[in-house]
Amino acid sequence: MTSDNRPASLAFPRWISFSKVVHRETIIGWLFVLPALLMYAVFVLLPFLLSIQYSFYRWNGIGPMTWVGLHNYETVLEVPNLLGTISNAFRLVVYFSFIPVTLGLVVASVMTRVATGRLGAVARTVLFLPQVIPLVAAGIIWGWLLALPGLINQILKAVGLGSFTRAWLGDFDWALPAVGFIGIWVLLGFCTVLLWTGMTRLDPALYESARIDGAGWLTEFGKITVPLLRHEIGVCLTVTVIAALAAFDIVYVSTAGGPGNATAVPGIQIYILAFTQQRIGLASALAVMLMALVLVVVIPIQRLSRESTQ
Amino acid sequence: MFKMHKFLSTVVMLAILVTVTYMPNAVAAQSVPDCGTEPVTLNAYFETGFDIPFKLAEEFTKQYPNVTWDIKQDQFTNLINSTPRLLSGDNPPDLIRLPTMVSFAEQGLLKNLDEYASAFGWNEWPVPQLNQNRVAEDGTRGSGSLYAMGLNYSLTGIFYNRELAAQIGMTEPPKTLAEFDDLLAKAKEAGLLPIMMWGSAKSGMGLAFPLQNLMAAYGPVEPINDWIFQKPGATIDTPSNLIAAQHLQRWIENGYFPPDINAIEYTDANARFGKGEGVFIFNGDWQNAGYDTDMPGNVGFFLMPPAEEGGSPAAMSAPLTFGIAARAKNADCAAFFFNWVASNDVARQINVAIGGSNPGGPSGLVMPEVPAGSVTNETLAAGVVVGEAGTSMDFIANATSAIFAQGWTPELQKMVGGRQDAAGLLKAVQEEYERELSE
Amino acid sequence: MKISRSELWGGRALLLGLMTITILPFISIFMTALHPSGTVPGGLEWPADPQWGNFVKAFNVAEMPALLISSTFIVLAVVPVSLAISTMAGFAIGHLRIPGSRLLLFLFVFGLTLPFGGIIVPLYYLERDMGIYNTRLAIVLPLIGLYMPFAVFWMRAHFVNMPTEISEAARVDGATIWGLFWRIHLPLARAPITSLGILMSVWTWNQFLIALVLVEDPAERTMAGALGAFQGHYATDVPLLCAGTILIVLPTLVLFVLFQRQIIAALLQGSVKG
């Protein structure tokens, strides 16, 4: 909607031309946007562009920069340690994203059916709690619980699964899943509450008619709930995928990338490359690839989830 | 004649003028830098968990009230990551803990301490470890200009729990590697944990200590030091080192280390050892005060025995390295602090009592007294042995700024997990070393 | 809707089970924090002699007062400014529909996908050149910038839904644009602004990486930013570490319990309107 159909003549003396009014409003409007745009451009867009620039150089942060073209990108793709961080990031996506979304759908569905009153409200509050604490706190708490003498192993022993006990975060096979589990703990509440909100907006008449047609819970779920919640599911996936690919806080505090390179994720590697090893160019190349990766994964999700709305 | 008189007086006056102009410089060149009398605030960065620099700073202010301290402390890993930024920033520290220093010296971020060394006479100290803080023009360590000083000189070896050791029949420290292997096997049979160590990536892989001790037990220390000092052509992948690494692998496979070692942090390992878990632990004398507190009278120390009977024991012995930023505001005062730590009686006493390590310093100074029953007695005595044998080494973890985090730690963790063998370990670390040096 | 008994109880059991798993860690560290300093208790034992003093000890030794002040200062510097400029921008883009709105929106939304880790390195050098590195400003300014994508998007979503008739009527009465904004729309936007403010406060309080890299002295970071140094210091003393962790998460937990509806609503509505 533009100001074309507004009777400007009522508000302003006739001799001020219409285009001037529009022009003036545009300028003021842009002035409204300017502060936000400025902060964003200087502290987000500019570093983003600088990252791209640095990635083409070899630089230790202090001395001169040497142009190396695509060499840093080649290094990322060749050195197994670096390439491995990207595959670890994708493995985390399974834990941080797919599981919370799927489980969240189930839990939200259960909530709308059996816990519409106080139990539901309390459950939503409790499940959301991990969202509110700093991720580093989650890392520290779970680091303690997952240790050899920690609570998880104690529970395993108590239920007779004592042979499964181990130092989870120090085990080559289980460190990444353990970190993934921390992520599930943090993100499940978010997805559950988001999906529940979406579900409460669905028209119960749809379910009634489906039931009359003889549909079971699973069919209802697959043919009505999930498609209609496409938008919310898309949001859930987007947020959690970004959390997985960009993970830093939790990993830094619980395993620091170990053991070996089992939990080395791009976020941690960028930090080490840039600040310990002073290889700014290489760190920037990895950072650019990370950002490109996020876009490559998120854009299709957004497209798919947008088809019916707007 | 009048002219002659005038000429002579002019000459004399010139002579006086010249002398007066240059005399202050001559005097200054011989005077020793100090902290002056004006209020001075030393900007310092220390590592969390180590009391000794804090206590020394306190005592220094007591003796020199015009000097106050602005001390910031951070975790080891955070400090390593921040050091390049701190040194090149706008408020460079007067004193900063420096686990590695070659790249910083090369980039001109550290103050060259040669002038102070000659002013204070550090070059005459009978402490060979001073050389570990020298960096030559070509970037190799061990010779050249001095870029850092140690607050004390530590010694690394094997601590043991006396009670548990008696339980397995150890009456005196083993004299050969074979004897030590016997003791480890006996401990395992008796159901005890033979060796407590740490290995989480958060504090780094502690198995580097026994590995290096084994390397020095099987071979000479020069090649190891050459590799650490980045001498051209140096390699860690040598035949005798391979035997050492295989020996370590056997220890791992025999279950001599805790099963969850990859998740144990440094402080946890010491806490558990203090509570009686583990007969032996490879560690350094900086931990003496902690062990004396947790296990008073129950902890002993011995150097890693050589492979062959009668060989010289070798040990890692390194300065607790601190440096001064190149653009530090109070460099003179910081240098004076270095000198004070090594020569002042009270400082030396604190150093030995709390730091547990040799304070270095000029010859002729009395070694401070240590209470009987403290394990520091044994570490100081061992330090003398190593000094005389000339078999001290720096730490293999210090070869480059990232060799520990990117090389030793992940590869040793893999070896614990059965995913890496001795030959692969040395090759992988050497590759990482060469890759970093070529950048 | 008829629901079988098994579904009813099975569903409730599922919810209770998940709630237990969620809350167990909090309970565990709370109990552990009460054990005598220096011990290594199991996960879920109520101590024989609860050491409430551990909280006081952790409070003092971890320089909590300094951290509280530092975090509060940062929140007060970041949130009001962010609210102000994002509301103005959202108004311009969502309600005034100035030319270029679509491009601007796209530009801001792009920022939603940028991970902090991707830009932290150049941000460090940028701040050095600007001379603000290692000051609290070093955390404040980038956070304001980093919040803009979500905040502008969130406020725009609100303003887009405001009927134009209100503005029409006001303009007929001779209102200027600023008047429109200040007197009419701002009061109407009270709810989303409050929710957004609470959300940004929580995020700022929990900020870690930015504080870690851009401020050298742990005592000048946010509470979460100092947690790393705290952990190194107390790795042996588990009860004290647990006490310290509880103290650090307490402010946001309390805030959440008080404002849970607004926080949840804010987060969800912002996401859903995407």
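Note that the coordinates shown come from a computational prediction; the quantities given were computed from them, not determined experimentally.

The rules we used
Residues numbered from 1 in each chain as written. Chains lettered and ligands numbered in written order. Predicted model: local features only at pLDDT ≥ 70, side-chain atom pairs only at ≥ 80, totals over all residues. Heavy atoms only, no water. Core = buried A, V, L, I, M, F, W, Y, C linked by side-chain atoms within 4.5 Å. Buried < 20%, exposed > 50% of the residue type's maximum accessible area, 1.4 Å probe, protein only. Helix = DSSP H or I, 4+ residues; strand = E, 2+ residues; numbered from the N terminus. Contact = heavy atoms within 4.5 Å. Axes fitted to C-alpha atoms, helices over the stretch in contact; angles between N-to-C directions. Left-handed = near helix turned anticlockwise from the far one by under 90°. Nonpolar A, V, L, I, M, F, W, Y, C, P; charged D, E, K, R; others polar. Pairing = 2+ DSSP bridges. Domains from an automatic or database assignment. Buried area = accessible area lost by both parts, 1.4 Å probe. Salt bridge = Lys/Arg side-chain N within 4 Å of Asp/Glu carboxyl O. Polar contact = N/O pair within 3.5 Å; in protein donor to acceptor, adjacent residues only side chain to side chain. Patch = residues over 30% accessible without salt bridge, like charges linked within 9 Å, V, L, I, M, F, W, Y side chains within 5 Å. Areas by Shrake-Rupley, 256 points an atom, 1.4 Å probe, with all protein chains shown as cover. Lys, Arg positive; Asp, Glu negative; His and termini not counted. Charge placed at Lys NZ, Arg CZ, Asp CG, Glu CD. Disulfide = S-S within 2.5 Å. pLDDT = per-residue confidence, 0-100.

Novice: Would you mind going over the nonpolar core with me for this structure?
Specialist: Grouped burial of nonpolar side chains is what soluble globular proteins tend to show. Judged by nonpolar contacts, the single largest core of 178 residues is most densely connected at C:Met148 and C:Leu214. Sort the elements by how many residues they give to this core and helix H6 (residues 137-160) of chain C lands first, with 15 residues. If sequence neighbours within four positions are ignored, C:Met148 has contacts with A:Ala36, A:Tyr40, C:Ser82, C:Ile85, C:Ser86, C:Phe108 and C:Phe153.

Novice: How should I be thinking about the environment of B:Ile236 in this particular structure?
Specialist: If you trace the backbone, B:Ile236 turns up in the loop between helix H9 (222-228) and helix H10 (239-253). C-alpha separation for the pair B:Ile236 and B:Glu431, spaced 195 residues apart in sequence, amounts to 10.0 Å.

Novice: What am I meant to see in the packing of helix H3 (residues 64-96) of chain C against helix H9 (residues 190-205) of chain C here?
Specialist: Residues and elements named next belong to chain C. Relative orientation of the contacting elements H3 and H9 amounts to 145 degrees, with a least axis distance of 9 Å. Crossing of H3 over H9 shows right-handed handedness. For the pair formed by H3 and H9, the contact residues are Leu-68, Ser-71, Thr-72, Ile-74, Val-75, Val-78, Val-79, Ser-82, Leu-83, Ser-86 and Thr-87 on the first element and Ile-193, Leu-196, Gly-197, Met-200, Ser-201, Thr-204 and Trp-205 on the second. Counted by class, the contact of H3 with H9 contains 10 nonpolar, eight polar and no charged residues.

Novice: Even after reading the chapter, I still don't get the sheet that holds strand S9 (residues 280-284) of chain B, so can you show me in this structure?
Specialist: Pairing between sheet strands relies on hydrogen bonds along the backbone, with the strands arranged either parallel or antiparallel. Residue and element names in this part refer to chain B. Taken in spatial order, the four strands make up an open sheet running S8-S9-S7-S10, and their pairing is mixed. With one partner strand each, in any of the chains shown, strand S8 (195-196) and strand S10 (299-302) form the two edges of the open sheet. The strands that helix H7 (residues 177-189) touches are strand S7 (156-161), S8, S9 and S10; relative to S9, the one it contacts most, it runs at about 125 degrees. Packed on one face of the sheet, helix H11 (residues 266-274) meets S7, S8 and S9 and runs near 130 degrees to S9.

Novice: Would you take a moment to explain the domain arrangement of chain B for this structure?
Specialist: It is common to give the size of an interface as the accessible area lost on bringing the parts into contact. Residue and element names in this part refer to chain B. Per the domain assignment, the segments making up chain B are domain 1 (31-153 + 319-355) and domain 2 (155-317 + 375-438). Computed from C-alpha atoms alone, the centre-to-centre distance between domain 1 and domain 2 is 27 Å. Listed per partner, the contact involves 17 residues of domain 1 and 18 residues of domain 2. For the pair domain 1 and domain 2, the summed buried area comes to about 1,500 Å², and 48% of that belongs to carbon and sulfur atoms. There are one salt bridge connecting domain 1 and domain 2. Close ionic contact of Asp-394 with Arg-141 constitutes a salt bridge, the shortest N to O distance being 2.7 Å. For the interface between domain 1 and domain 2, the tally reads four residue pairs in polar contact (both at pLDDT 80 or more). If one sorts the elements of the side of domain 1 that touches domain 2 by residue count, helix H14 (residues 345-355) sits on top with four residues. Counted by class, the side of domain 1 that touches domain 2 contains eight nonpolar, eight polar and one charged residues.

Novice: Please clarify how the interface of chain A and chain C should be interpreted in this entry.
Specialist: Facing 88 residues of chain A, the contacting portion of chain C comprises 97 residues. Here chain A and chain C share an interface that buries about 8,500 Å² over both sides, 80% of which is from carbon and sulfur atoms. The largest contributions to the chain A side of the interface with chain C come from A:Phe32, A:Phe43 and A:Trp144, which together make up 10% of the buried area. Along the contact surface separating chain A from chain C lie zero salt bridges. Connecting chain A to chain C are six residue pairs in polar contact (both at pLDDT 80 or more). Take the side of chain A that touches chain C: its biggest share by element is 22 residues, from helix H2 (residues 18-54) of chain A. In the side of chain A that touches chain C, the residues fall into 69 nonpolar, 11 polar and eight charged.

Novice: Looking at this structure, I do not really get unusual backbone geometry. What am I missing?
Specialist: Most peptide bonds are trans, and most residues other than glycine sit at a negative phi. One non-glycine residue with positive phi stands out, namely A:Ala256, at about 55 degrees. Judged by relative accessible area, which is 23%, A:Ala256 ranks as partly exposed. One non-glycine residue, B:Gln230, lies in positive phi territory at about 65 degrees. Here B:Gln230 is to be found in the loop between H9 and H10. On the basis of relative accessibility, which here comes to 14%, the residue B:Gln230 falls in the buried class.

Novice: Can you walk me through a negative patch on the surface in this structure?
Specialist: All names here are of chain B. A contiguous patch of negative charge, built from Asp-34, Asp-114, Glu-115 and Asp-332, is present on the exposed surface. On the secondary structure map, Asp-34 appears in the loop between helix H1 (2-30) and strand S1 (40-47). A residue is classified by how much of its surface remains accessible, and Asp-34, at 43% relative accessible area, is partly exposed.

Novice: It is not clear to me how the sheet that holds strand S3 (residues 95-97) of chain B should be interpreted in this structure. Could you clarify?
Specialist: Residues and elements named next belong to chain B. The strand order across the open sheet formed by five strands is S2-S1-S3-S12-S6, and the pairing between neighbours is mixed. Looking at strand neighbours, the two that pair on one side only are strand S2 (67-74) and strand S6 (149-153), the edges of this open sheet. The sheet shows a mean angle of 25 degrees between the axes of neighbouring strands, direction not considered. Pairing between S1 and S3: two bridges, direction parallel. Paired with Tyr-45 across the two strands is Ile-96, which belongs to S3. Lying on the sheet, helix H2 (residues 52-63) is in contact with S1, S2, S6 and strand S12 (319-323); it crosses S2 at an angle near 170 degrees. Across the sheet, helix H13 (residues 331-343) lies against S1, S2, S3, S6 and S12, angled at about 20 degrees from S6, the strand it touches most.

Novice: When you look at the state of the cysteines in this model, what are you seeing that I'm missing?
Specialist: Between two cysteines, a covalent bond joining their sulfur atoms is known as a disulfide. All names here are of chain A. This structure, assessed with the given rule, holds two disulfides over all chains. Covalently, Cys-191 is tied to Cys-236 through a disulfide, its sulfur atoms 2.2 Å apart. Highlighted residues: Cys-191 in helix H8 (residues 175-200) and Cys-236 in helix H11 (residues 230-245), separated in sequence by 45 residues. Each member of the pair, Cys-191 as well as Cys-236, carries the same accessibility label: buried.

Novice: Would you take a moment to explain the pattern of salt bridges for this structure?
Specialist: Side-chain pairs of opposite charge can arise where the charged atoms are in close proximity. Residues and elements named next belong to chain B. Going through the model one piece at a time under the given rule, you end up with 12 salt bridges over all chains. For the salt bridge of Lys-62 with Glu-59, the shortest nitrogen-to-oxygen distance reads 3.7 Å. You can see Lys-62 and its partner Glu-59 sitting in helix H2, three residues apart, about one turn around the helix. The exposure class assigned to Glu-59 is buried, which follows from its relative accessible area of 12%. With a shortest N-O distance of 3.1 Å, Asp-70 and Lys-72 are connected by a salt bridge. Given the relative accessible area of 36%, Asp-70 is considered partly exposed. On the basis of relative accessibility, which here comes to 9%, the residue Lys-72 falls in the buried class. Each of Asp-260, Arg-272 and Glu-277 takes part in salt bridges that share partners, so that together they form one network.

Novice: Whenever I open this one, the confidence of the model for chain C confuses me. Can you help?
Specialist: Caution applies to low-pLDDT regions: their predicted coordinates should not be interpreted in detail. Residues and elements named next belong to chain C. Here chain C averages 79 in pLDDT, and 86% of its residues register 70 or above. Highest mean pLDDT in chain C belongs to H3 (87); lowest belongs to helix H11 (residues 223-234) (61). Interface confidence for the predicted complex, expressed as ipTM, amounts to 0.82; the pTM equals 0.77.

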